[in-house]
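# Coordinate inspection notes
This is what each chain is made of:
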Amino acid sequence: MTAALPSSPPAAGAAKRQFLHDAAEHVRDVGHREFVRRALGGYYTSRDTQKARYRDWEQARDAASMAKWSAVNRLDELLPRFEAAFTANGGQVHWARDAEEARRIVLELLATAKAKAVIKSKCMTSEEIHLNQALEADGYGVVESDLGEFIQQLRGEPPYHFVFPCMHVRRDEISDLFGQHLGTPPTDSPEELTMIARRHMRRLYVDADVGITGANFLVAETGQISITENEGNARLTAALPRMHIAIAGIEKVVERLDDLAVLLPMLATAGAGQPMTCYNTLYAGPRREGEADGPEEMHLVLLDNSRTALLADAEQRDALHCIRCGACLNVCPIFKNVGGFTYGTTYQGPIGSVITPHLRGLKEWNHLSGASSLCGACTDACPVRIDIHHHLLHNRRNAARSSPDRLERIGQKLFAAVARRPWLFATGGWLFRKTLGLAKAIRPPVLSAWLATRDLPPAPAQSFRAAWKRRQR
Amino acid sequence: MTISLFIPCFVDQMTPQVGLAVATVLERLGHTVEFRPAQTCCGQPSFNAGYQDEARAVAIHALEVFAGAEAVVGPSGSCVAMMRVFYPELLAGTPHETAALDLAARTFEFGEFLVRKLGVTDVGARFPHRVTYHDGCHGLRELRLREEPRQLLRAVRDLELVECDEPESCCGFGGLFSVKFPMVSTAMAEVKAGSLARTDCDYIVSSDPSCQLQLDGWLSRQGKRPRTIHLAEILAGTAS
Amino acid sequence: MIRTAAENATARAAIMARVGEALRIPAPPPHGLAGRSTSPVDAAGHPSLAILPLEAARPWLPDGGATPAESLAVCCENLTKLRAEVFQVPDLAAAADCLAAQARQRDWRRVAWHAHPLVEPLLAGVPCVSHRIGGDAGFDKDTLEACDAGLSACECLVAQTGSILVSSQTCGGRALSILPHVHVVVATIEQVVPTLADAFDLTRERHSGSLPSMLSFITGPSRTGDIERILVLGAHGPKELLVILVGSHAAQ
Ligand code: SF4
């Protein structure tokens, strides 16, 4: 394999240190936070408008969640069914246990295709397996065709938000970026910037030998894969090159075509405030006899990469329902204040905080579940009813069990012991009230974290229990 | 009805007037109010940190304290949610499961109790101010209380209720989160308190003293108005 | 080095074994179900694995109209909101005039099309070079790329979402509806179906046994919001989507 890939694990606690550092930095950038919030402003309005078109959004969420629930809980039956149907349609399925295996499969397919130019449409699983680095290391030119992904590729950054990859970038930065890489004159028009990318990309679709896409759903009934996109770049990627390779996680299977009648509109409404995403395309194998065009071969890489570990956790199995709509990020106050990069994960935001510990290890990634006020906005927004914020609690519990912080554990044991003894607890309360003034002066660690940015009122002379006693007399 | 007060630990130590206001309102409505002094904490600090064995021990203590109470009413959506939603989950499969479910069914958040259980929205209060309401997340999303506090406020004489532009946003308190991730917590306070302050109101009304601590803490540090007030204090007429 | 079938089978077996092992413990039903759903429940009170039939979900989704006339109205309204341009014409002759007018107005030089009874009669009046896509000779990608507009039929239109369903079998392949700068769809009003579910029913009816290799729901012209979340039309696919609807319900 190649050297450019992240292989050796970083030092213990590095992910958490990086989170704290980046979060602090990001929070200080008030202008940027405001920019992100403004960018999302239109989303809330259009989402509410579109939701109102549903005759019963909550019941529709039931239907969507049941469709995913039933599929995820029958993967043992549906995966083989999908595979058989997909193969009957003329496609080939390649099973990949992990990222390394998936990369190897794609590289081998490119070698058999004698590919020179590869065009990609947005595919989060390829981010997950760091495919681009592997392709580039092997000398393939890869171009991301989705506008946001293209911008991120030119910037040398991963996506900031897994649905809106470059929502953090200002138009003038994009103008500079295009000027530098494509030699185009500066402009402050989003329209003109989009047209620059459009013109640049058209040649590349025509010339590419292989197109790589993701997949949003795999339909067991018909052996089709479903791809959701707005720009048309995935349509082009799967139309013009000789070979189409799709990469998808095993949890993307649904049972029936009919399930999409619920899931496709809900994905668009929840995630982007649209009635439907602009292109929802079902592919059943390569070009058929009598069809005008299409690839000669179609391959699907079916990826596990620790999804089965999440599947084995019955309590959090519903995290595999995720249709990656992005709604939970859009409403998350943590995401909006710390930004997408701070997470240091492929999947940002609430759902990323739930699944990353399963995909990459609880000990190193549990801080993501701690970095939440548990407000639950994500859970309310999720079209497939994933119990997101409660799963953060579950992760905290699992971490406390498997790798507790020693000091915290002692503190918790002490607290519980006191809280079961009313007189001790009342005495502790009294002591707290009496020493609060002093403590504010001394500033022990926990208090100083509070006092750095917030005041604390003086303690009242009397506790409630004392006041009550007096009142009853 | 005899109502047992559930006074969260920081209300006990930091905002006793809120507990007293709850009692005043309930008594005015003709109910008997009791306070069981053996009560301590709901166990949320342990539960939220992931220390469920410790939380369970505290929860069992609370079950014992409130055994046999006709109704348990607390002035914090967060602590009530702990009892209502998380005790049954925490104690599922233990000998205490039934008791937990039983307590969950008898425990209410203050405003919820008035509107849903007693069917009261007008308690005869007057408060000649412009106010906005801050939804605590646990009240809003675990207990599904959105209209109830607003119904109560709309019935208050001379009170003007306005909505802020971030009605569903969290204040950023989140218990230990506020000190484990203080910068994120503070940024959230800034967003929410900023939005509430933009309504140009005299008071921010809340049903959660923990949110009040956070919002006031930030507003006070910034030297900004307004300040928060608990719903019960308005309804009791004890607000200064 | 090519991965062998045996290697693939080994990976498959390993993953399927993990899946089987994982699923031995049943999962609780989805969190917070609105609860009014009519899904069957098993002995333990969990929703049964045989999921909600789509019939149950239909009344919760956006409305697609109860009568053909209503569906047509909803469809046109949704298409317009999506910034597609809709032209309702009484017959094919009028459709040909409509297309000719658009071609002149927009100064098209090349139009691509495919063989179809709704498409061919429209070409007569088009004042520019036309290229047929499909047929025995195949086509040249560069030629298609250079076309101003692609003219195609569709499988159906979905009122509920304002979507147009095209297929690689009946609508001139994969690229015709996506590569040219303008996509013109010609359809009869009888092709409007109320909902996505109806579109799937139709697909199954029409193509069972041999699915087209591509079926695409097109919902408005290509768009992006990637730059500051500001809507721009024509990201990579057509900037404009024109829909010529032939026929009228009133006349029947
Ligand atoms: S967890 Fe739910 S809301 Fe978040 S991206 Fe996945 S489906 Fe969307």
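### A short note on the overall build of chain A
When helices and strands are tallied, chain A shows 24 helices and 10 strands. A compact globule built from 473 residues would reach a C-alpha radius of gyration of about 23 Å, and chain A, at 25 Å, matches this within 12%. When its C-alpha atoms are laid out on the principal axes, chain A stretches across 95 × 55 × 50 Å. For chain A, the residues scored as buried account for 65% of the 473 residues in total. Pairs at least 24 apart in sequence give 74% of the contacts found in chain A among residues at least 6 apart. With an accessible surface of roughly 16300 Å², chain A has 55% of that area assigned to carbon and sulfur atoms.

### Points about the interface of chain A and chain C
Contacts between the two partners involve 111 residues from chain A and, on the opposite side, 97 residues from chain C. Taken together, the two surfaces of chain A and chain C that pack against each other cover about 9400 Å², and 60% of this comes from carbon and sulfur. Our count for the chain A to chain C interface comes out at 10 salt bridges. For the interface between chain A and chain C, the tally reads 56 residue pairs in polar contact (both at pLDDT 80 or more). Among the elements that make up the side of chain A that touches chain C, the one with the highest residue count is helix 10 (residues 190–207) of chain A (12 residues). Within the side of chain A that touches chain C, the residues separate by chemical class into 55 nonpolar, 23 polar and 33 charged. Two strands pair when backbone bridges link them, and strand 9 (residues 279–283) of chain A and strand 9 (residues 214–218) of chain C are joined in this way by five bridges, in the antiparallel orientation. Bridged to Thr281 of chain A within strand 9 of chain C is Ser216 of chain C.

### Section: the domain arrangement of chain A
Split by domain assignment, chain A resolves into domain 1 (54–305) and domain 2 (417–472). Taking only C-alpha atoms, the centre of domain 1 of chain A and the centre of domain 2 of chain A are 56 Å apart.

### Overview of the confidence of the model for chain A
In the predicted model, chain A carries a mean pLDDT of 94, and 98% of its residues have values of at least 70. Below a pLDDT of 50 lies the segment residues 1–8 of chain A, which in the model reaches 11 contacts outside its immediate sequence neighbourhood of four places, other chains included.

### Points about the packing of aromatic side chains
Going through the model one piece at a time under the given rule, you end up with 20 aromatic pairs over all chains. Looking at Arg454 of chain A, its charged tip hangs above the ring of Trp450 of chain A, at a distance of 4.2 Å from the centre. When the ring centre of Phe164 of chain A is taken as origin, the NZ or CZ atom of Arg229 of chain C, which lies over that ring, is 3.5 Å away.

### Structural notes on unusual backbone geometry
Omega for the bond connecting Arg225 of chain B with Pro226 of chain B falls within 30 degrees of zero, at -10 degrees, which places this linkage in the cis form. Here Pro226 of chain B shows up in the loop between helix 12 (209–222) and strand 8 (227–230). A positive phi angle is found at Lys114 of chain A, which is not glycine, with a value near 50 degrees. Its location among the elements puts Lys114 of chain A in the loop between helix 5 (99–112) and strand 2 (117–120).

### Digging into the site of the ligand
Contacts to the ligand come from 14 residues, most closely from Cys322, Cys325, Gly326, Cys328 and Cys382 of chain A. Residues that form the shell around the ligand fall into these classes: 12 nonpolar, one polar and one charged.

### Quick look at the side chain of Arg141 of chain B
Tracing the backbone shows Arg141 of chain B in helix 8 (residues 137–142). When its relative accessible area of 6% is taken as the criterion, Arg141 of chain B is described as buried. There is a polar contact of 2.8 Å between the side chain of Arg141 of chain B and the backbone oxygen of Cys375 of chain A. Residues in contact with Arg141 of chain B, not counting those within four places in the same chain, are Cys375, Gly376, Ala377 and Asp380 of chain A together with Glu168 of chain B.

### Examining the packing of helix 1 (residues 14–28) of chain A against helix 2 (residues 30–52) of chain A
Angle between the axes and distance between the axes: these two values describe a pair of packed helices. Residues and elements named next belong to chain A. Two elements in contact, helix 1 and helix 2, have axes separated by 5 Å at closest approach and are oriented at 80 degrees. When the axis of helix 1 is compared with that of helix 2, the two are roughly perpendicular. Judged by residue contacts, His26, Val27 and Arg28 of helix 1 engage Val30, His32 and Arg33 from helix 2. Its residues placed into classes, the contact of helix 1 with helix 2 shows two nonpolar, two polar and two charged.

### Focus: the sheet that holds strand 8 (residues 192–193) of chain C
Strands pair in a sheet through their backbones, by hydrogen bonds, and they do so in one of two ways: parallel or antiparallel. A sheet is described by the order of its strands in space; here eight strands give the open sequence 8(A)-5(A)-6(A)-9(A)-9(C)-6(C)-5(C)-8(C), paired in mixed fashion. Lying at the two open borders of the sheet, with one neighbouring strand each, are strand 8 (253–254) of chain A together with strand 8 of chain C. Pairing between strand 5 (residues 156–158) of chain C and strand 6 (residues 163–167) of chain C: three bridges, direction antiparallel. Following the sheet pairing, Cys156 of chain C is matched in strand 6 of chain C by Leu165 of chain C.

### Let's talk about the sheet that holds strand 7 (residues 182–188) of chain C
Residues and elements named next belong to chain C. With parallel pairing, six strands are arranged side by side in an open sheet as 1-12-7-4-2-3. The sheet terminates laterally at strand 1 (85–89) and strand 3 (129–133), the two strands that pair on one side only. Strand-to-strand twist across the sheet, computed as the mean angle between neighbouring axes with direction ignored, equals 20 degrees. As paired elements, strand 2 (residues 110–114) and strand 3 share five bridges and run parallel to each other. In the sheet register, His114 faces strand 3, and the bridge partner there is Ile133. Packed onto the sheet, helix 3 (residues 68–81) meets strand 1 and strand 12 (240–246) and runs at close to 145 degrees relative to strand 1. Helix-sheet contacts for helix 4 (residues 92–105) involve strand 1, strand 4 (149–152), strand 7 and strand 12, and the interaxial angle to strand 12 is about 160 degrees.

### Thoughts on the environment of Ala67 of chain A
Residues and elements named next belong to chain A. Mapped onto the fold, Ala67 is located in helix 3 (residues 57–72). When its relative accessible area of 4% is taken as the criterion, Ala67 is described as buried. The spatial distance from the C-alpha of Ala67 to the C-alpha of Lys363 is 32 Å, given a sequence separation of 296 residues.

### Concerning the pattern of salt bridges
A full pass over the atoms with the stated rule returns 65 salt bridges over all chains. One salt bridge connects Arg150 of chain B with Asp135 of chain B, and the closest N-O pair in it is separated by 2.7 Å. Linking Arg150 of chain B in helix 9 (residues 147–154) with Asp135 of chain B in the loop between strand 5 (130–134) and helix 8, this pair joins segments that are 15 residues apart in sequence. With relative accessibility at 3%, the residue Arg150 of chain B sits in the buried group. With relative accessibility at 3%, the residue Asp135 of chain B sits in the buried group. Linked through salt bridges whose partners overlap, the residues forming this network are Glu221 and Asp258 of chain A together with Arg58, Asp198, Asp201 and Arg204 of chain C.

Criteria and thresholds
- Residues numbered from 1 in each chain as written.
- Chains lettered and ligands numbered in written order.
- Predicted model: local features only at pLDDT ≥ 70, side-chain atom pairs only at ≥ 80, totals over all residues.
- Heavy atoms only, no water.
- Helix = DSSP H or I, 4+ residues; strand = E, 2+ residues; numbered from the N terminus.
- Rg over C-alpha atoms; globule rule 2.2 N^0.38 Å.
- Buried < 20%, exposed > 50% of the residue type's maximum accessible area, 1.4 Å probe, protein only.
- Contact = heavy atoms within 4.5 Å.
- Areas by Shrake-Rupley, 256 points an atom, 1.4 Å probe, with all protein chains shown as cover.
- Buried area = accessible area lost by both parts, 1.4 Å probe.
- Salt bridge = Lys/Arg side-chain N within 4 Å of Asp/Glu carboxyl O.
- Polar contact = N/O pair within 3.5 Å; in protein donor to acceptor, adjacent residues only side chain to side chain.
- Nonpolar A, V, L, I, M, F, W, Y, C, P; charged D, E, K, R; others polar.
- Pairing = 2+ DSSP bridges.
- Domains from an automatic or database assignment.
- pLDDT = per-residue confidence, 0-100.
- Phe/Tyr/Trp six-rings, centres within 6.5 Å; stacked < 30°, edge-to-face > 60°.
- Lys NZ or Arg CZ within 6 Å of the ring centre and 35° of its normal.
- Near = heavy atom within 4 Å.
- Axes fitted to C-alpha atoms, helices over the stretch in contact; angles between N-to-C directions.
- Parallel < 35°, antiparallel > 145°, perpendicular 65-115°, else oblique.

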